[in-house]
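Read off the chains here:
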Amino acid sequence: MFILNNFMYLLDKLLFLYMIAIVLNALMTFLPGATYSKFGQFISKIVYPFESLFKFAVVGMVDFSPVIAIVIIQIARMLLNYFQMMIQ
């Protein structure tokens, strides 16, 4: 049980960090040239595969895929925390 709880805790923190990466990637699109820096390219390589699943959420020129991705990750974190509480 102890190992499973630690694994769930680690997975929750990794999902949180991925959510932060999605927010950073979305904010970098507002800064000119930020997405072309080494850091911007690194974040884009990490975030793009998951965000591309939600590219259908484009209204005009506004892309809502980061918002949907964050909501999905937050739901996954809530379920993970629920299962973690059920195990204890």
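The structure reproduced in this document is the subject of the present report. (Residues numbered from 1 in each chain as written. Predicted model: local features only at pLDDT ≥ 70, side-chain atom pairs only at ≥ 80, totals over all residues. Heavy atoms only, no water.)

With that settled, consider the packing of aromatic side chains. Aromatic ring pairs are described here by two measures, namely the spacing of the ring centres and the angle between the planes. Applying the stated criterion across every chain yields a total of three aromatic pairs. Taking 6.0 Å as the distance between ring centres and 70° as the angle between the ring planes, the aromatic pair formed by Y18 and F50 counts as edge-to-face. Residue Y18 is found in helix α1 (residues 2–28), and its partner F50 is found in helix α2 (residues 38–51); the two are separated by 32 residues along the sequence. Pairwise contacts between aromatic rings join Y18, F50 and F54 into one cluster. (Phe/Tyr/Trp six-rings, centres within 6.5 Å; stacked < 30°, edge-to-face > 60°. Helix = DSSP H or I, 4+ residues; strand = E, 2+ residues; numbered from the N terminus.)

Oppositely charged side chains can form a pair if their charged atoms are brought close together. Per the stated rule, a full pass over the model turns up three salt bridges. The closest approach of N and O atoms between K13 and D12, which form a salt bridge, is 3.9 Å. A salt bridge links D63 to K55, with the nearest nitrogen and oxygen atoms 2.9 Å apart. Relative accessible area serves as the criterion here: at 31%, D63 is assigned to the partly exposed category. Salt bridges linked by common partners bring D12, K13 and R77 together as one network. (Salt bridge = Lys/Arg side-chain N within 4 Å of Asp/Glu carboxyl O. Buried < 20%, exposed > 50% of the residue type's maximum accessible area, 1.4 Å probe, protein only.)

Moving on: the layout of surface pockets. Of the pockets and cavities examined, the largest pocket occupies roughly 300 Å³. Residue lining of the largest pocket: N25, A26, T29, F30, T35, S44, Y48, E51, K55, D63 and P66, and that is the complete set. Of all the secondary-structure elements, those providing two or more residues to the lining of the largest pocket are α1 and α2. Ranked by residue count, the leading element in the lining of the largest pocket is α2, at three residues. A per-class count over the lining of the largest pocket returns four nonpolar, four polar and three charged. (1 Å grid on protein atoms, 1.4 Å probe; cavity = no way out; pocket = protein on both sides within 12 Å on 5 of 7 lines; lining within 4 Å. Points joined across faces, edges and corners; volume = space filled by probe spheres on them. Nonpolar A, V, L, I, M, F, W, Y, C, P; charged D, E, K, R; others polar.)

Turning our eyes to something else, we now look at a nonpolar patch on the surface. Residues V59, V62, F64, V67, V71, I72, I75, L79, Y82, F83 and M86 make up a contiguous nonpolar surface patch of about 1000 Å² in total accessible area. Take the nonpolar patch: its biggest share by element is eight residues, from helix α3 (residues 65–87). (Patch = residues over 30% accessible without salt bridge, like charges linked within 9 Å, V, L, I, M, F, W, Y side chains within 5 Å. Areas by Shrake-Rupley, 256 points an atom, 1.4 Å probe, with all protein chains shown as cover.)

A few words on α2. A rise of 1.5 Å per residue sets the reference length of α2, with its 14 residues, at 20 Å; its end C-alpha atoms lie 20 Å apart and thus fit the reference within 8%. Roughly 30° is the biggest bend found in α2, and it falls at K45, with proline P49 one to four residues downstream. Those residues of α2 that fall on the buried side of the exposure criterion are G40, I43, V47 and E51. Elements in contact with the buried residues of α2: α1 and α3. (Expected span 1.5 Å × (residues − 1). Bend = angle between axes of the 7 residues up to and from the residue. Contact = heavy atoms within 4.5 Å.)

Take the side chain of N25 next. Relative to the helices and strands, N25 is located in helix α1. When its relative accessible area of 10% is taken as the criterion, N25 is described as buried. There is a polar contact of 3.2 Å between the side chain of N25 and the side chain of S44. Dropping the residues within four chain positions of it, N25 is found in contact with I43, S44, V47 and E51. (Polar contact = N/O pair within 3.5 Å; in protein donor to acceptor, adjacent residues only side chain to side chain.)

By themselves, these are just geometric observations and shouldn't be taken as functional.
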